[in-house]
Amino acid sequence: MGKKVKKEAEPPPKDVFDPLTIESKEVATVVLLLNSPEEEILAKACEAIYKFALKGEENKVTLFELGAVEPLTKLLSYEDKIVRRNATMIFGILASNNDVKKLLRELDVMNSVIARLVPEEEVIIHEFASLCLANMSVEYSSKVQILEYGGLEPLVRLLSSSDPDVKKNSIECIYNLVQDFQCRATLQELNAIPSILELLKSEYPVIQLLALKTLGVITYEKESRAMLRDSQGMDYLIKILEAKELNDLHIEALSVIANCLEDMDTMVLIQQTGGLKKFLAFAENSTIPDIQKNAAKAITKAAYDPENRKLFHEQEVEKCLVDLLGSENDGTKIAASQAISAMCENSSSKEYFNHQGIPQLVQLLKSDNEEVREAAALALANLTTCNPANANAAAEADGIDPLINILSSKRDGAIANAATVLTNMAMQEGLRGSMQSHGMMAALLGPLRNANVVVQSKAALAIAAIACDMEARTELRNSGGLEPLVELLRSKNDEVRRHASWAVQVCAGDELVAMELCRLGALEILEEISLSVSRKNKFSELAYNKLLNNHLSLKYSQTGYLSSSNIISDGFYDCGRINPGTKLWPLKDLCLQEPNDRRAVLLVNSKPSDVSPPPSTEDKCSDTGYGRSISSSSSLRRASKEKTRKNSYYFSAGFGSPTEDKSEPASGRSTALSKSTIKEKGARKSRGKKEEEKLKEEEEVTAAPKWAGEGNLDKEWYPPPDPDFCVYVYEVTKSVLPITSIKEQIEALAKYVAEKMGGKISKEKLQDFSWELHISELKFQLKSNVIPIGQIKKGTFYHRALLFKALADKIGIGCSLVRGEYGRAWNEVKLMNESQKGGIWGLSPPEVYIVDLMCHPGGLMKLKSKEADLYRFL
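Residues numbered from 1 in each chain as written. Predicted model: local features only at pLDDT ≥ 70, side-chain atom pairs only at ≥ 80, totals over all residues. Heavy atoms only, no water.

**Re the pattern of salt bridges**
For side chains bearing opposite charge, pairing can occur when the charged atoms are close. Stated precisely, the cut-off is as follows: We define a salt bridge as a side-chain nitrogen of Lys or Arg found within 4 Å of a carboxyl oxygen belonging to Asp or Glu. Numbering goes from the N terminus for both helices and strands, where a helix is a DSSP run of H or I of at least four residues and a strand is a run of E of at least two. Classification of residues uses two cut-offs on accessible area relative to the type maximum, computed with a 1.4 Å probe and protein chains only: under 20% is buried, over 50% is exposed, and between them is partly exposed.
Following the criterion strictly, the structure yields 27 salt bridges and no others. For the salt bridge of Glu121 with Arg84, the shortest nitrogen-to-oxygen distance reads 3.2 Å. Of this pair, Glu121 sits in the loop between helix 7 (110–115) and helix 8 (123–136) while Arg84 sits in helix 5 (residues 81–94), and the two are 37 residues apart along the sequence. A single burial state applies to Glu121 and to Arg84, both of which are buried. The residue Glu242 makes a salt bridge to Lys278 at a minimum N-O spacing of 3.2 Å. With Glu242 in helix 16 (residues 233–242) and Lys278 in helix 19 (residues 275–285), this residue pair connects regions lying 36 residues apart in the sequence. Looking at Glu242, the relative accessible area reads 45%, which means it is partly exposed. Residues joined by salt bridges that share partners form a network here, namely Arg84, Arg116 and Glu121.

**A short note on the pairing of strand 5 (residues 816–819)**
Note the following rule: Should DSSP find at least two bridges between two strands, the strands are taken to pair.
Of the two faces of strand 5, the one lined by Ser816 and Val818 and the one lined by Leu817 and Arg819 are each fully buried. Both strand 1 (residues 561–562) and strand 5 contribute to a ladder of 2 bridges, which runs antiparallel. Across the sheet, the residue bridging to Leu562 is Leu817, located in strand 5. The sheet contact formed by strand 5 and strand 6 (residues 825–831) spans 4 bridges and is antiparallel. Its bridge partner being in strand 6, Ser816 is matched across the sheet by Glu828. Between strand 5 and strand 6, which pair antiparallel in sequence order, lie 5 residues; one of them, Tyr822, sits at a positive phi of approximately 55°.

**Topic: the packing of aromatic side chains**
Threshold: Pairing of aromatic rings covers Phe, Tyr and Trp, the last through its six-membered ring, and needs centres within 6.5 Å; plane angles under 30 degrees mean stacked, over 60 mean edge-to-face, and all others mean tilted. Two conditions define a charge sitting above a ring: the NZ of Lys or the CZ of Arg must be within 6 Å of the ring centre, and it must be within 35 degrees of the ring normal.
Within this structure, the stated rule accounts for 6 aromatic pairs. Positioned above the aromatic ring of Tyr556, the side-chain terminus of Arg819 is 4.1 Å from the ring centre.

**Topic: the sheet that holds strand 2 (residues 572–574)**
The condition that has to hold: Whenever a helix is involved, its axis is fitted only over the stretch in contact; in every case the axis is a line through C-alpha atoms, and angles between N-to-C directions fall within 0 to 180 degrees.
Read across the sheet, 3 strands follow the order 2-3-4 without closing on themselves; strand pairing throughout is mixed. Either end of the sheet is taken by a strand with one partner, and the two such strands are strand 2 and strand 4 (786–788). Shown here is a sheet whose adjacent strand axes are inclined to one another by a mean of 30°, direction ignored. Here 3 bridges tie strand 3 (residues 601–604) to strand 4, and the two strands are oriented parallel to one another. Its bridge partner being in strand 4, Leu602 is matched across the sheet by Ile787.

**Observations regarding the packing of helix 11 (residues 164–177) against helix 14 (residues 205–218)**
Keep this limit in mind: Should an angle fall under 35 degrees it is called roughly parallel, over 145 degrees roughly antiparallel, and 65 to 115 degrees roughly perpendicular, with every other angle called oblique. With the far helix as reference, a near helix turned anticlockwise by less than a right angle produces a left-handed crossing, and one turned clockwise produces a right-handed crossing. By definition, residues are in contact when any of their heavy atoms lie within 4.5 Å. Side-chain classes follow a simple rule in which Ala, Val, Leu, Ile, Met, Phe, Trp, Tyr, Cys and Pro form the nonpolar group, Asp, Glu, Lys and Arg form the charged group, and the remainder, Gly included, forms the polar group.
Contact geometry for helix 11 and helix 14: axes closest at 9 Å, N-to-C directions at 25°. The angle between the axes of helix 11 and helix 14 places the two elements in the roughly parallel class. As helix 11 packs across helix 14, the resulting crossing turns out to be left-handed. Within the contact between the two elements, helix 11 uses Pro164, Lys167, Lys168, Ile171, Glu172, Ile174 and Tyr175 and helix 14 uses Val206, Ile207, Leu210, Ala211, Lys213, Thr214 and Val217. Split by residue class, the contact of helix 11 with helix 14 holds 9 nonpolar, 1 polar and 4 charged.

Below you can see the structure in the form of structure tokens.
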């Protein structure tokens, strides 16, 4: 036998690489291996990178900078299960880094990650794929991608997974997604609520907490609340509240309940099952401030529904809320105050808080915490609105002083709420005096100047409420509060403008305040508002008319109408019609102007001059039994004797400037009354030389104030006297006032006016009545455009109508003054017709008549008659 020869091994093929085992200590090298075609190398490289990324945030940044993300995205869909699993695990960890998130969105890998959630994949892939989505879903753009690629459905399915980590990641991702309303709508379609409720039974608190948070968001929607109710979700929530060991979940459970209580059906269900009573007992008995606070918030949300308020009242929720007001925690106090504010819509609850609740809220007004004071003021504002009893209760609890103090708070909400309470209190006449004594008007100046429109509005409304009293209006004027109030009329906010107009309208009831408002430009602003279609309102119209009633000269010039309640007083002047927006010249300026070709200004002034009248006139004028505004010449002269020694009229013999020569006498310019002037019905005589010299000396030291309402009293100036008009007033008082019949009084006064103004003028002779020449002569004689009405002896329609109105107001005859076209004016009076006599005035309206002062003086024409129309348009 031959010796066996050892067979040599065959050499490996030349085209095969010999196996190489290497050990890498650089992550950069491993990242390069991610591009290897070998599954084993890819699996080991991914495993090494996963362990490296798990060690910390800095390692994630390193991997991002080395470019590991892009090759890893290709491995998410790799055929080998181990490679795919390891790559998914890496992304679950890396996705918590913001730079990686941004890059993943750009690489559009969301679809690949969602694909890993299919049931065929391993549980560990489900865990890290859902973790990746949970990290990515924090940002809105990623939410959109997840929703577009249908990621919500597999996530809902994974809520039933047996692995707690999968459940936790899935519910966390869903919680992030449902922050968007579109995702909430999709979740309703997927009927996810039963699965979420099942998570409340989990033994892991983090899963329970995430489930409650998710329910707290999705129950914002009415449909979701209905699904929760149908799934017996309220039972789950009440059981959590009853379990003391789950106190870490109570706050979130209360948030869900708060949403569900907004739904009436849920409210009824929880009440019928006894859950509502348990809920209120839990809120009242809990010692944890956050739980009490959230319970009160739940009540607040639900109480916005009227039916819920009824159910709460039946369960005596008011007692629970009053107890919560006594909590030491400020957050609880705030929440309880807000809940009381909501419950105030129920009248029965308002009555309850009248006895319990208001004193506690008043005490909270003194808190050092601004938010507590604001919430307490809000509750009191709602409690006192349309409820005088509660307003009085707040005052009795010494609430006025702390409320006024809050007006200087730094929080606009607190100021607005306090102003509202004070407004409600000011509706009670008995409280206004007390409020005023605490300095409320001065305290409102700050809110009036506040930049917040709500504060401005509430402050103006408070002014309107308390300014009903004269003392309050006076204090407002003295403290400088009118100026900021007038500025609010310029506001672009409708409510601010409306309330400011209301306040101005109330304040204008005082003559001095009305004058100050006019000086500050309120009349011009309101006039501008009245011309704007979008800015005007009913209150601005009322305020404008109220101010005009204190400036009848302007009212008549603008509107061409004075009602019977608009009593013409001394200093009234008619300068003719002016267009809206045109400024009315002050009387002083008009008097100082040289005569021109413009229409004469008619002045009404019954104040006597400083020159004493003859004894006979004094005797006659001493009779004061005729009415409200007539004073005798002698008594007025005696009362002002000391004053006129220092300040005499420089308009004694004429109406020129103080430097003009007054030595030349002229008819119609004398200010003295004699016996002959009375007997000759006002015929004037020239003044004696000695008397003129005396007056001339007085003129050298004369400076007279503007008449009331014309501005600051810088120089003393008086309007021109009108002795003839004084005589007219005296004569009609003696002859017309004693007449018992109103109709006969009107007729007598009309005849008297016609007699003084040129007598009866027939229709045929109207064209020949040369009143214009007479007026021009008076303007020349007086060296002024201003003519006292008593000096006109030839007057046409508008002269006679003004004189009739002025005299009628002096003796108490109610009549209006109406300006027509083409120099026409007339007076309207109201009389009962024959069929109304013996009846009760007011049951049937009186007839309106026009008084004829021209063609048939004393004649009365029904307003809506051809005769009256002809008179107005002669």
